[in-house]
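Coordinates in review
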Amino acid sequence: MSTAMVVSQQLTDAYRALQREADGYVLLMQVGAFMQVMDEGARQVSAITGLKLQMAGAVDDPVVLGGFPKSGIDQYVGKLVRAGHSVAIAWQGDDKQRRIAERIGCPRYQARRLGKNPLREAAPGATCQSLGLGNQGPMTLAARP
């Protein structure tokens, strides 16, 4: 899929600030109807899902980025979690601000079916075992204001 990505210094700064807040997670950030991922997270998503990457930004501060329609979030999150990554999702509010609203991760996840809609099946306090993934530790899914 080839889509023109929206990138600006303000958007890049917002992504990087959220990434610091979600250290250790692959951050997916909503930008309109798309989910974008940048920097090392973009490389990780690309390696697992085949997502095509683009280069943007200034020559002295390049940004690697990729994106996909937000309708594909269940598929991408499922692939990332099955590959052993934890995922943080920053949704865009009506005020155009982005906040991390969900964190999803299953430590030591082994290749098992996550289900058709992992984001909808998981609820705050859900565990890997309650999602049919075995007893592999807690699954973190937390809402933030």
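As shown above, the structure is provided for reference.
Residues numbered from 1 in each chain as written. Predicted model: local features only at pLDDT ≥ 70, side-chain atom pairs only at ≥ 80, totals over all residues. Heavy atoms only, no water.

Digging into the overall build of the chain
- For the chain, the helix and strand inventory stands at four helices and six strands.
- Reading the chain from its N end, one meets helices and strands in the order α-β-β-α-β-β-α-β-β-α.
- Relative to its full complement of 145 residues, the chain shows a buried share of 44%.
- Nonlocal contacts in the chain, meaning residues at least 24 apart in sequence, comprise 57% of its contacts between residues at least 6 apart.
- In the form shown here, the chain has an accessible surface area of approximately 7,800 Å², with 50% of it arising from carbon and sulfur atoms. (Helix = DSSP H or I, 4+ residues; strand = E, 2+ residues; numbered from the N terminus. Buried < 20%, exposed > 50% of the residue type's maximum accessible area, 1.4 Å probe, protein only. Contact = heavy atoms within 4.5 Å. Areas by Shrake-Rupley, 256 points an atom, 1.4 Å probe, with all protein chains shown as cover.)

Quick word on the sheet that holds strand β5 (residues 87–92)
- Across the sheet, six strands lie side by side as β3-β4-β2-β1-β5-β6; this open sheet has mixed pairing. Among the strands making up the open sheet, the edge pair consists of β3 (54–58) and β6 (98–104). The mean angle between the axes of side-by-side strands here comes to 35°, regardless of whether they run parallel or antiparallel.
- With four bridges joining them, strand β1 (residues 26–31) and β5 adopt parallel strand pairing. The residue bridging L28 from the neighbouring strand is I89, located in β5.
- Lying on the sheet, helix α1 (residues 9–21) is in contact with β1, β2 (34–38), β4 (61–69), β5 and β6; it crosses β1 at an angle near 140°.
- This element, helix α2 (residues 39–49), spans β1, β2 and β4 of the sheet and lies at about 110° to β2. (Pairing = 2+ DSSP bridges. Axes fitted to C-alpha atoms, helices over the stretch in contact; angles between N-to-C directions.)

As for unusual backbone geometry
- In the Ramachandran plot, D39 falls in the positive-phi region, its phi being about 55° despite a non-glycine side chain.
- Along the chain, D39 turns up in helix α2.

Section: the layout of surface pockets
- Of the volumes computed, that of the largest pocket is approximately 210 Å³.
- If you trace the largest pocket, you find 10 residues lining it, with Q10, L11, A14, K96 and R98 closest to the centre.
- With four residues, the single largest contributor to the lining of the largest pocket is α1.
- The residue makeup of the lining of the largest pocket, split by class, is five nonpolar, three polar and two charged. (1 Å grid on protein atoms, 1.4 Å probe; cavity = no way out; pocket = protein on both sides within 12 Å on 5 of 7 lines; lining within 4 Å. Points joined across faces, edges and corners; volume = space filled by probe spheres on them. Nonpolar A, V, L, I, M, F, W, Y, C, P; charged D, E, K, R; others polar.)

Things to note about the pairing of β2
- Burial within β2 is extensive, with four of its five residues counted as buried.
- Here β1 runs beside β2; their pairing, made up of three bridges, is antiparallel. Paired with V31 across the two strands is F34, which belongs to β2.
- Between β1 and β2, which follow one another and run antiparallel, lie two residues, and G32 among them has a positive phi close to 65°.
- Of the strand pairs in this sheet, β2 and β4 are connected by five bridges, and their pairing is antiparallel. Bridge pairing in β4 places M35 opposite F68.

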